Amino acid sequence: MQIDIITVVPELLESPFNHSIMKRAKEKGLLNVNLYNLRRWAINKHMQVDDYQFGGGAGMVMMPEPLANAIDELQQAKKYDEIIFMTPDGESFNQKTANSLSLKENILIICGHYKGIDERIRQKYITREISIGDYVLSGGELAAAVVVDAIGRLLPGVLNDETSALFDSFQDNLLAPPVYTRPADFRGNKVPDVLLQGDPKKVEEWRHEQSLLRTKERRPDLLDEE
Ligand code: ADE
């Protein structure tokens, strides 16, 4: 999978994909992330990519021209399955969205800054608008990193044990059950017996029960979703 990201602060996205699971995905050739600095398509020698908003009001808006030129140029090299704009007024990102995006080949992500991007770009180019939560970040970069990480770990072969993503929280609309490791007795707190008895069927039942219990307690809303 190839993910291209257009940003005015590429430095913010250099580290997240160079460690741990994302690094492995890259080394195995399963996920390739390219960062494009929007200033490469700036309209003048001052590297301008934003301007005051029509109608007045505080805050700058990302101009249509640099973005359109950037997207047009990148689209000449490849066809994108989705062109995503990271924005707090987009659809809420969740595991279902991550699952469906992980099946795509080529994705372009646009990171907004300032007051946002000119509406005409949203209408002409953007196929999907995604928010990672009901709060406003100073730019779309950290949100893009969240989305790419959530997608990347789902690609077949990225996680060591391929099945492990299947048991993550939110797959099947359930939160993950509690997990334990050694020692079996930590300062008098014992690991549940069922996990020590070596009966895989019982373990599976216990985990499912715990998942349900946890979801009922913490996120009952998930149980109402299809
Ligand atoms: N840009 C700023 N805030 C954001 C959010 N919550 N989600 C996605 N992009 C954003």
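As a starting point, this report considers the structure included with it. Values in this document were obtained by computation on a predicted structure and should not be read as measured data.

Thresholds applied
The numbering scheme is per chain: residues are counted from 1 as the chain's sequence reads. Owing to the predicted nature of the model, reporting of local features is limited to residues with pLDDT of at least 70; listing and counting of side-chain atom pairs is limited to 80 or more, with chain, interface and lining totals taken over all residues. Side-chain metrics rest on all non-hydrogen atoms present in the structure, leaving aside hydrogens and water. It suffices for a single heavy atom of a residue to lie within 4 Å of a molecule or strand for the residue to be listed as near it. The definition of a polar contact used here is a pair of N or O atoms within 3.5 Å, where within protein one atom must be able to donate a hydrogen and the other to accept one, and adjacent residues in sequence count solely through side-chain atom pairs. For accessible areas, the Shrake-Rupley method is used with a probe of radius 1.4 Å. Any residue's cover is judged against the shown protein chains and nothing else. What counts as a helix is a DSSP run of H or I of at least four residues, what counts as a strand is a run of E of at least two, and both are numbered from the N terminus. Note on pairing: two strands pair once DSSP finds at least 2 bridges between them. Every axis in this analysis is a line fitted to C-alpha atoms, fitted for helices over the stretch in contact. Angles between the N-to-C directions lie between 0 and 180 degrees.

1. Observations concerning the site of the ligand
- As a structural note, the neighbourhood of the ligand is formed by 13 residues, with Thr87, Ile132, Gly133, Tyr135 and Leu137 the closest of them.
- In this structure, Ile132 approaches the ligand through a main-chain N or O atom, which is 3.0 Å from a nitrogen atom.
- Between the ligand and Leu137, the relevant distance is 3.0 Å, taken from a nitrogen atom to a main-chain nitrogen or oxygen of the residue.
- In isolation the ligand offers 260 Å² of accessible surface; the protein chains occlude 97% of this area.
- Within the residue set of the shell around the ligand, elements represented by two or more residues are strand E5 (82-92) and strand E7 (128-131).

2. Quick look at the sheet that holds strand E6 (residues 106-111)
- Spatial strand order, E2-E1-E6-E5-E7: 5 strands in an open sheet with parallel pairing. In the strand order of this sheet, the two ends are held by strand E2 (32-37) and E7, each with one partner. Each strand of the sheet is rotated relative to its neighbour by a mean of 30°, with strand direction disregarded.
- Bridge analysis of strand E1 (residues 2-7) against E6 gives 5 bridges, and the strand direction is parallel. Following the sheet pairing, Ile6 is matched in E6 by Ile110.

These figures capture arrangement, not role.
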